[in-house]
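Tertiary structure, described
Residue strings, one per chain:
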Amino acid sequence: MVGNVKNEIGLMFSKDNFMLVKKALKKGEKVEKHNHENEEIIFTVLKGKVEVFLNEKENHVLVPGEILQFDGINFISAVAMEDSEFSVTLIKK
């Protein structure tokens, strides 16, 4: 097969230059502050609503279909405003 379909939570795909992780949070659960210094980040909400904080100064409330891109040198934290699923793509610089 040429294509590879996955739908589980956790590491979905990983190659030398990128990694794709799918996460699920219950309402009120958090992603603690961290960064990915050597990567570009693409944060995509699949279900629910997630509030994302960058450097504890900038916030974005994201709903399904919305995509947030940022340099991984910045610090991210997040909280699920509803039961949510999102994917995070990390692309090596």
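Provided above is the structure to which this section pertains.
Residues numbered from 1 in each chain as written. Predicted model: local features only at pLDDT ≥ 70, side-chain atom pairs only at ≥ 80, totals over all residues. Heavy atoms only, no water.

As for the sheet that holds strand S9 (residues 84-92)
Strand order in this open sheet of five strands is S1-S2-S9-S4-S7, and the pairing throughout is antiparallel. Each of the sheet's edge strands pairs with one partner strand only, and the pair in question is strand S1 (10-14) and strand S7 (67-71). On average, adjacent strands in this sheet sit at an angle of 20° to one another, irrespective of strand direction. Sheet topology note: the strand S2 (residues 18-25)/S9 ladder contains eight bridges and is antiparallel. Looking across to S9, one finds that Val21 is bridged to Val88. (Pairing = 2+ DSSP bridges. Helix = DSSP H or I, 4+ residues; strand = E, 2+ residues; numbered from the N terminus. Axes fitted to C-alpha atoms, helices over the stretch in contact; angles between N-to-C directions.)

Focus on unusual backbone geometry
At Asn55, a residue that is not glycine, the phi angle is positive and equals roughly 55°. With respect to the secondary-structure elements, Asn55 resides in the loop between strand S5 (50-54) and strand S6 (58-62). Residue class for Asn55 comes out partly exposed when judged on its relative accessible area of 32%. (Buried < 20%, exposed > 50% of the residue type's maximum accessible area, 1.4 Å probe, protein only.)

Section: the pattern of salt bridges
For the coordinates displayed, the defined rule picks out five salt bridges. We note a salt bridge from Glu39 to Lys92, for which the minimum N-O separation is 3.9 Å. With Glu39 in strand S4 (residues 39-47) and Lys92 in strand S9, this pair connects stretches of sequence that are 53 residues apart. Three or more residues are tied together by salt bridges with common partners; here these are Lys22, Lys47 and Glu85. (Salt bridge = Lys/Arg side-chain N within 4 Å of Asp/Glu carboxyl O.)

Observations concerning the nonpolar core
Ranked by internal contacts, the top residues of the largest apolar core, which has 17 residues, are Phe43, Val50, Val52, Leu68 and Phe86. Broken down by secondary-structure element, the contributors of at least two residues to this core are S2, S4, S5, S7, strand S8 (76-80) and S9. In contact with Phe86, other than residues within four places in its own chain, are Val21, Lys22, Lys23, Leu25, Val31, Phe43, Thr44, Val45, Leu46 and Val50. (Core = buried A, V, L, I, M, F, W, Y, C linked by side-chain atoms within 4.5 Å. Contact = heavy atoms within 4.5 Å.)

Quick notes on the packing of aromatic side chains
The geometry of an aromatic ring pair comes down to the distance between the two centres and the angle between the two planes. Applying the stated criterion to the full structure yields one aromatic pair. The interplanar angle of 20° and the centroid separation of 4.6 Å between the aromatic rings of Phe43 and Phe86 together place this pair among those described as stacked. You can see Phe43 sitting in strand S4 and its partner Phe86 sitting in strand S9, a full 43 residues away along the chain. Here Phe43 and Phe86 have matching classes, each one buried. Over the aromatic face of Phe13 sits the side chain of Lys6, whose NZ or CZ is 5.2 Å from the ring centroid. It is Lys33 that lies over the ring of Phe75; its NZ or CZ is 5.2 Å from the centre. (Phe/Tyr/Trp six-rings, centres within 6.5 Å; stacked < 30°, edge-to-face > 60°. Lys NZ or Arg CZ within 6 Å of the ring centre and 35° of its normal.)

Here's the deal with the sheet that holds strand S3 (residues 30-34)
Taken together, four strands build an open sheet; the order of strands is S3-S8-S5-S6 and the sheet is antiparallel. Of all the strands in the sheet, just S3 and S6 have a single pairing partner and so form its edges. Direction aside, neighbouring strands of the sheet carry axes that sit 15° apart on average. Of the strand pairs in this sheet, S5 and S8 are connected by five bridges, and their pairing is antiparallel. Bridge assignment links Phe53 to a residue of S8, and that residue is Ser77.

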